[in-house]
Each structure stands twice: as C-alpha cells, then as structure tokens.
Amino acid sequence: MKIFTFIPINAIAILFFSMIAINGQSQEIYLDDIIEVELDYGSKDARIETHVYLTSALWNFEEQYLGKYANVGGSMSGHPLFISYSGYVSISGYVSKTLFAEAEFELYKGQKGEFKVTRLRAVWTPNKYFRMILGRDFPCIGLQDKVYYPTSKYRLFALAPYAYYQILRATGWWDAGIHLHGTIPLGENMKLFADISLINGPGDQHNGAHYLETHMIPNEQGYMFENFHSKARQPWDNNKSKHIAARLAFSPIENFEFGGSYMTGKYDVDDKYNADYLFAHLLYGGDRLTVAAEYAQIMVQVPDSNFNMPTFTDVDGIIFDNKNIGDKQVTQYSWYISAGYKFFVDTKIHYIEPVVRYEEMDPWKEDAMDRGDRRVIWAGIRFSPMKHWIFKAAYLYQTEKYKDLKNDGFVIETVVDF
C-alpha cells in the first residue's frame, strides 16, 4: 500500500521556507554556510564577469527603407516603431594571467525574441605585442570590430553604413577560425598593427549545393547586393576553401591610424568562384573629435549564365538587355566618412556630440545604367547625461541616380551598458 505518492510544489516551498524561519523570525544565510555543489568543469581561481549592453529605439523610415532589392518595404519601414532592438550579454573570465575566455550572445532584434551567438573565443596574450584568438570572433576584414560593433566609440549612429550592410556582412560579421594580432613598436607613440584570420568565409550550406552563385543575378531595378549578402551568411563552411583575411594599419601618433585589409576565398560548394574583399580605412579618436572613414569593395565571380537572361522592360518602360554583357564578376563598392565633436565633456553631463556621416554606394559597378547607385547623408546628435548611458538621434536623407526611392527617415536610440 502506498502511503505517499507525491508532494505538491507549494508544499516543498513551505517546507523550505519553514526551515529558514525559526520562532517566527527569518534567519540570514551566509555564504560560508552554503554547501557547494561541485561542477565537472570550471576554475574557482578564474575571475568571472558578466556585462550587458542594451539598445531601445524609435524607428520611422519610409516604405522602401532596407527592403528587398531596396524597393519593397521591410518590417521596420513605412510606420513608426518602438523596438527593443538588441542587446549583448558577455560572460568572460581570466583563466590565467595570459588566457582570457569569453562567451557573448546577442538578444537579436529583441521584438523577435531571438538569440544569436556572437563570440565564443579563447584569447591567449603571452605579451603585449602578440595575441592569438581561437573560436568565433571578428575576422580582420574591414572595421567591424572598431566601427560597426554597437559598443564601439566610432559607431556614431544607431545604424551602420552601407559598407557594412551591403559589402561586409557576407562574412557573417563574426566567423569561426584562427585570428592573430601583432603590434610592432616603431617609436614612442608610433606603431604598426598586423592581423591575419583564417575563417570559413561566405557560403550557405542550407539551401542546396548551387544556391548562392545562382542568386547573383539582376532584377528589373538592377539591385544585386541583397542576392549575395543575405544568402551568404553561414554558421559553418560549405566547401573546402577557407577565406584568408589580412589587415595592416599604421599609427604615427596616438589615437590616429590608417591602413587596409584584404580577404579572398571560394564561396561556392565546388570551390570554383571567388569572393574578394578590399578595404581601406582611417580612424581618429581623440578626447573630443572622432573621425572614421572607409572604402569597401567586394568582387564576386559568377557563372556566365547568370546574365544570359531574356530582355525585359523595367518599371519605367526602359528596355534592358542582359544578353552578352560579358561580365564574369559583380563588383560592389561603398565609401563613407563620419565625424563627431564632443562639447561640455565631463561637466554636469558626460557630453553632447553633434555627428554627421556621408556615404556613397554602387551595388553593381558594371551596370552602365547605374541602377541603385545612391548618396546618403546622416545628421544627428549623441547626448550622454552620464557614463554608460547615451541617447542618439539622427535623420537620414538618400538620393538615387536611376530611380528615387522612399527611404528617408530617422531613428532615436537609447543605450545603456553595465
């Protein structure tokens, strides 16, 4: 005969709290009194830290902002939208004086409730001149770790430039591999920085063997950039070719550097077609003045058959014949310059900083009709009432050479980190 079958959850709670309350008085529990439950891994000597970076924003862009082929509205276009846009949670620790480990997760576009792994890395720094990273991190192509990453001081605006959205992001922004960094001192404040990464690179293994290269084709508007970049971001490799990235930068004085980076490798499953990236940059980050400028280019080799399509008439009645174009690659490039200057630094507030950014984008250099070419002006302000809390407000104005789009608007963002 069963005398006892189960104990309700609330009975367990009552039993627990009754054990820590004696004679009607609650008792304090000290850490020294706790019986620890041992884990199968971990070091008690490691200094573990958790840091969080959160952003919330009000978006209000016109109907064709960041839409498919840049002429169809997306989920954040056409109406004002309050959004808990994203957040980053970093759990890190020093295993030893020279070995650092980090796991970082992004609360990706918070309205969707998604999580994305950003960094999973072990960082070995045997001395101040050399660092080796194993795992998922920023590859050394472009300036994603210095400008596009939301926590960077050079990210003056809530939204990154086209150099990231339409050129760089095919790498997935983060990528798994081996990342090496070296610093060569040349004088009191003069330095040379050298980086190299061996990573998976672009290439999507989820949608069939030849999915990616067959999607690098024009449409009626001529916009080609989303065909490749939105499909090339992968969690792991799809072929035998590994992309190699290298970056070299020179710093003649403190807070100022310029340099360039290059990455190459095959992106298709048959290791036949190359994706080559070329970047050049200039950075200055003083106490008040902040400047970031960059040129970004990608050259994607594609099958000849991608351009052997029937003649079509576009939305304005212009006849465009894709046959016999002779292009075996698609070249896309963009450049920008952004700047900000801080006022009232460390007075009763932290600072106020007017900011501006100018951009140009060509999504298909070989297109004689210049469809999709655009110029962009951002103007705004950053206000920090105290350290670790920033408000950003900016307005975007765009013009296109071939056909004007409804893609202007503004974004107001608040950032807190702890």
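Residues numbered from 1 in each chain as written. Predicted model: local features only at pLDDT ≥ 70, side-chain atom pairs only at ≥ 80, totals over all residues. Heavy atoms only, no water.

## Notes on the overall build of the chain
Part 1: For the chain, the helix and strand inventory stands at four helices and 20 strands.
Part 2: Counting only residues that meet the buried cut, the chain has 44% of its 418 residues in that class.
Part 3: Put simply, of all contacts in the chain between residues at least 6 apart along the chain, 62% involve residues at least 24 apart.
Part 4: Counting only carbon and sulfur atoms, one obtains 61% of the accessible surface of the chain, whose full area is about 22,100 Å². (Helix = DSSP H or I, 4+ residues; strand = E, 2+ residues; numbered from the N terminus. Buried < 20%, exposed > 50% of the residue type's maximum accessible area, 1.4 Å probe, protein only. Contact = heavy atoms within 4.5 Å. Areas by Shrake-Rupley, 256 points an atom, 1.4 Å probe, with all protein chains shown as cover.)

## Observations concerning the pattern of salt bridges
Part 1: Throughout the structure, instances matching the rule amount to 15 salt bridges.
Part 2: Arg119 is paired through a salt bridge with Glu102; the nearest N and O atoms lie 3.9 Å apart. Separated by 17 residues along the polypeptide, Arg119 in strand β6 (residues 114–127) and Glu102 in strand β5 (residues 99–108) bring together distant segments of the chain.
Part 3: Take Arg119: its relative accessible area is 12%, and that puts it in the buried class.
Part 4: Residue classification places Glu102 among the buried residues on the basis of a relative accessible area of 8%.
Part 5: Put simply, Asp195 and Arg247 hold a salt bridge, and the shortest N to O gap is 3.9 Å. Of this pair, Asp195 sits in strand β9 (residues 191–199) while Arg247 sits in strand β10 (residues 243–251), and the two are 52 residues apart along the sequence. Arg247 matches Asp195 in its accessibility class, with the two residues each being buried.
Part 6: Within the structure, one salt-bridge network assembled from shared partners comprises Glu102, Arg119, Arg121 and Asp137. (Salt bridge = Lys/Arg side-chain N within 4 Å of Asp/Glu carboxyl O.)

## Some points on the nonpolar core
Across soluble globular proteins, you tend to see nonpolar side chains buried next to one another.
Part 1: One finds Trp59, Tyr148, Phe228 and Trp378 to be the most contacted residues of the largest nonpolar core, which totals 61 residues.
Part 2: Among the elements that line this core, the one with the most residues is helix α3 (residues 162–167), at five residues.
Part 3: Beyond its immediate sequence surroundings of up to four residues, Trp378 is in contact with Phe61, Tyr65, Phe157, Leu159, Val355, Val356, Arg357, Glu359, Ala394, Tyr395, Leu396 and Val411. (Core = buried A, V, L, I, M, F, W, Y, C linked by side-chain atoms within 4.5 Å.)

## A short note on the pairing of strand β3 (residues 47–61)
Part 1: Strand direction decides the pairing type here: β3 and strand β4 (residues 81–94), joined by twelve bridges, are antiparallel. By the bridge assignment for β4, Leu58 is matched with Phe82.
Part 2: As defined by bridge partners, β3 adjoins strand β20 (residues 409–417) across nine bridges and the pair is classed as antiparallel. The residue bridging Thr55 from the neighbouring strand is Val415, located in β20. (Pairing = 2+ DSSP bridges.)

## Quick notes on the side chain of Glu106
Part 1: Relative to the elements of secondary structure, Glu106 occurs in strand β5.
Part 2: The exposure class of Glu106 is buried, given its relative accessible area of 5%.
Part 3: If we ignore the near neighbours within four places in the chain, the residues touching Glu106 are Ser86, Gly87, Tyr88, Glu114, Phe115, Lys116, Thr118 and Trp174.

## Some points on the pairing of β6
Part 1: Two elements, β5 and β6, share ten bridges in a ladder whose sense is antiparallel. Bridging from a neighbouring strand, Glu106 pairs with Lys116 of β6.
Part 2: As judged from the six bridges shared by β6 and strand β7 (residues 130–137), these two strands associate in the antiparallel manner. Among the inter-strand pairings, Asn127 is bridged to a residue of β7, identified as Phe130.
Part 3: Counting the residues that bridge the hairpin from β6 to β7 gives two residues.

## Description of the packing of aromatic side chains
Part 1: This model, assessed by the stated rule, comprises 20 aromatic pairs.
Part 2: Within the aromatic cluster, the residues linked to one another by ring pairs are Tyr53, Tyr88, Phe138, Tyr149 and Trp174.
Part 3: Across from the ring centre of Phe193, 6.0 Å away, lies the NZ or CZ of Lys146, which sits over that ring.
Part 4: One Lys or Arg, Lys342, reaches over the ring of Tyr351 and ends 5.0 Å from the middle of that ring. (Phe/Tyr/Trp six-rings, centres within 6.5 Å; stacked < 30°, edge-to-face > 60°. Lys NZ or Arg CZ within 6 Å of the ring centre and 35° of its normal.)

## Remarks on the environment of Ile167
Part 1: Residue placement: Ile167 occurs in helix α3.
Part 2: Exposure remark for Ile167: the relative accessible area of 0% places this residue in the buried category.
Part 3: Along the backbone, Ile167 and Ser334 are 167 residues apart, and their C-alpha atoms lie at a distance of 7.6 Å.
Part 4: Ignoring any residue separated from it by four or fewer positions in sequence, one finds Ile167 in contact with Tyr162, His229, Tyr277, Phe279, Ala296, Gln297, Ile298, Gln332, Tyr333, Ser334 and Met361.

## A closer look at the environment of Leu66
Part 1: Structurally, Leu66 can be placed in the loop between β3 and β4.
Part 2: Taking C-alpha positions, Leu66 is 7.6 Å from Ser77, a pair spaced eleven residues apart along the chain.

## A look at the confidence of the model for the chain
Part 1: Within the chain, residue pLDDT values average 83, and 81% of them lie at 70 or more.
Part 2: Long-range and interchain partners of residues 1–9, a stretch whose pLDDT sits below 50, account for one contact in this model, where long-range means more than four residues apart.
Part 3: Taken together, the stretch residues 11–23 has pLDDT below 50 and engages in seven contacts with residues farther than four places along the chain or on a different chain. (pLDDT = per-residue confidence, 0-100.)

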